[in-house]
Amino acid sequence: MDDSRRIDTLAVHAGAMTAPCNAPVSPPLYQASAYVFEDLDDVEAIYGGTKPGKIYWRYGGPNGEAFARAVAELEGAEDGVGAASGMAAICAAFFTNLKAGDHAVVTRDVYGGTHAIVTKDFPGRGIESTFVDACDPQALRAAISPGRTKVVYLEALTNPLMRIPALEQAVSLAHEAGALVVVDATFASPALFHALDHGADLVVHSVTKYLGGHGDVGAGVLVGSRVLIDAARTYLVRTGATIPHFEAWLAHRGLRTLALRMERHSRNAEAAAAFLAGAAPAVTRVHHPSLPSHPQHEAAARLFPRGCGGMLSFELSDGRAAVDAFIKGLRMIEVVHSLGEVGTTVSYSVASSHRGIPAAERDALGVTESLLRLSCGIECSDDIIDDLRRGLAAVQERG
Ligand code: PLP
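Bear in mind the structure is a predicted one, so any value in this text is a computation, not a measurement. (Residues numbered from 1 in each chain as written. Predicted model: local features only at pLDDT ≥ 70, side-chain atom pairs only at ≥ 80, totals over all residues. Heavy atoms only, no water.)

S.K.: Which parts of the structure should I look at to understand the sheet that holds strand β5 (residues 180-184)?
M.R.: Strand pairing in a sheet relies on backbone hydrogen bonds. The paired strands run either parallel or antiparallel. With mixed pairing, 7 strands are arranged side by side in an open sheet as β1-β7-β6-β5-β4-β2-β3. For this open sheet the edge positions go to β1 (79-83) and β3 (128-132), each flanked by a neighbour on one side alone. Taking each pair of neighbouring strands and ignoring which way they run, the sheet shows an average axis angle of 20°. In terms of strand pairing, β5 meets strand β6 (residues 202-206) through 3 bridges, oriented parallel. Among the inter-strand pairings, D184 is bridged to a residue of β6, identified as V204. Lying over the sheet, helix α5 (residues 112-121) contacts β2 (103-107), β3 and β4 (149-155), oriented at roughly 140° with respect to β3. (Pairing = 2+ DSSP bridges. Helix = DSSP H or I, 4+ residues; strand = E, 2+ residues; numbered from the N terminus. Axes fitted to C-alpha atoms, helices over the stretch in contact; angles between N-to-C directions. Contact = heavy atoms within 4.5 Å.)

Listed below in structure tokens is the structure:
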């Protein structure tokens, strides 16, 4: 054994990367928890912001920043910041813009996790809220209280009924009242919809879904003006909800194929919706904006000219038992309580996203025991439809 090599020290320092080579074709992963300073002047300059540099992973790393910049560019935003999850991004949007005594107006069919923040975390902080049918401008007008309402929170396409809020009216009512408009655009992605172009102030995404796109990322992102994003960034750093480097790297890689994927997701959902709409009496209702029966069919054509993404939901004629038979009849489509992946998946909203919402409230929203949510992937649409046909055949065999 050659002791002159001092393996213990060498193992720590060997192969240290000092200077980068010429620019790589894709973003490299900077998987480091902290960064090296040259001397104390360097420490002061980097902390003081007079020299670019990184300090510690939680304050932000190259991958998270590159990813957030990319989403900001796609959304047409001044700035963006990554977050550890979609919920972390949503909390940053809420808690940097709402304090005790403030009021928020929230779309009533909001994602279950966001519903829990509003109903469970707002009261303890002295924040009041009103749930509203955000597709109804009159209801929005009645709910927004000038001077008191500070945030109007909408979803670009709602889960799971794919409803489209009256965004432009919400923006003008909110701004008149001195409130910000925050839009969760997870279901749409920046490939299909730009809420900031319609006057929204902040856009949040669960990156876990379409932006990552491959079922291997858990992250969030938030874009908007520099001032709003600076506040969100400070909140995320303080609460330890920074996007981790590897998640940001994966999400950035996913982003590069977003436009292609969203186009295919959209076409497949339109094909699946048309098939299911013709599958009466086993299927009693289909919720997708491409169908003339959808309440916002015309708004969708105007606001989502490139399609509405891969999500749709449908109701079976015989409640939970039919849903169970349908799921057992599927061969390709898997039961997954997430969405936006390359593979087609199905989920049962009353047992997943809306599990924590009281049954009466769920029923009033139209999220019933008969409802199944489909996330259409990027497979050949014929294969998706064949599997849906197998599911429906299993329902029929049962009874
Ligand atoms: N917003 C919507 C519309 C969602 O569907 C979800 C999760 O399903 C979230 C936000 C929360 O995202 P995450 O699970 O990444 O925290």
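S.K.: Any chance you could explain the pattern of salt bridges here in plain terms?
M.R.: Within this structure, the stated rule accounts for 17 salt bridges. Two residues, D102 and K150, come together in a salt bridge whose shortest N-O distance is 3.5 Å. Of this pair, D102 sits in the loop between α4 (86-95) and β2 while K150 sits in strand β4, placing them 48 residues apart in sequence. The class for D102 is buried, based on a relative accessible area of 5%. On the accessibility criterion, K150 (24% relative accessible area) is partly exposed. Note that R148 is salt-bridged to E128, the shortest N-O span being 2.7 Å. Residue R148 is found in the loop between α6 (137-143) and β4, and its partner E128 is found in strand β3; the two are separated by 20 residues along the sequence. (Salt bridge = Lys/Arg side-chain N within 4 Å of Asp/Glu carboxyl O. Buried < 20%, exposed > 50% of the residue type's maximum accessible area, 1.4 Å probe, protein only.)

S.K.: Whenever I open this one, the pairing of β5 confuses me. Can you help?
M.R.: Put simply, side chains in a regular strand alternate between the two faces of the sheet. Among the 5 residues that make up β5, 4 are buried, leaving the element largely enclosed by the rest of the structure. Remark: the β4/helix α7 (residues 167-177)/β5 crossover connection has right-handed handedness. (Right-handed = clockwise from strand over helix to strand, strands pointing away.)

S.K.: Sorry if this is basic, but what is going on with the packing of aromatic side chains here?
M.R.: For any two aromatic rings, the description comes down to two numbers: the centre-to-centre distance and the angle of the planes. Taken as a whole and assessed by the stated rule, the structure comprises 9 aromatic pairs. Considering the side-chain rings of Y56 and Y59, the 5.8 Å spacing of their centres and the 70° angle between planes classify their relative orientation as edge-to-face. Given the relative accessible area of 33%, Y56 is considered partly exposed. For Y59, a relative accessible area of 38% gives the class partly exposed. A network of ring pairs unites the aromatic residues F94, F95, F122 and Y153 as a single cluster. (Phe/Tyr/Trp six-rings, centres within 6.5 Å; stacked < 30°, edge-to-face > 60°.)

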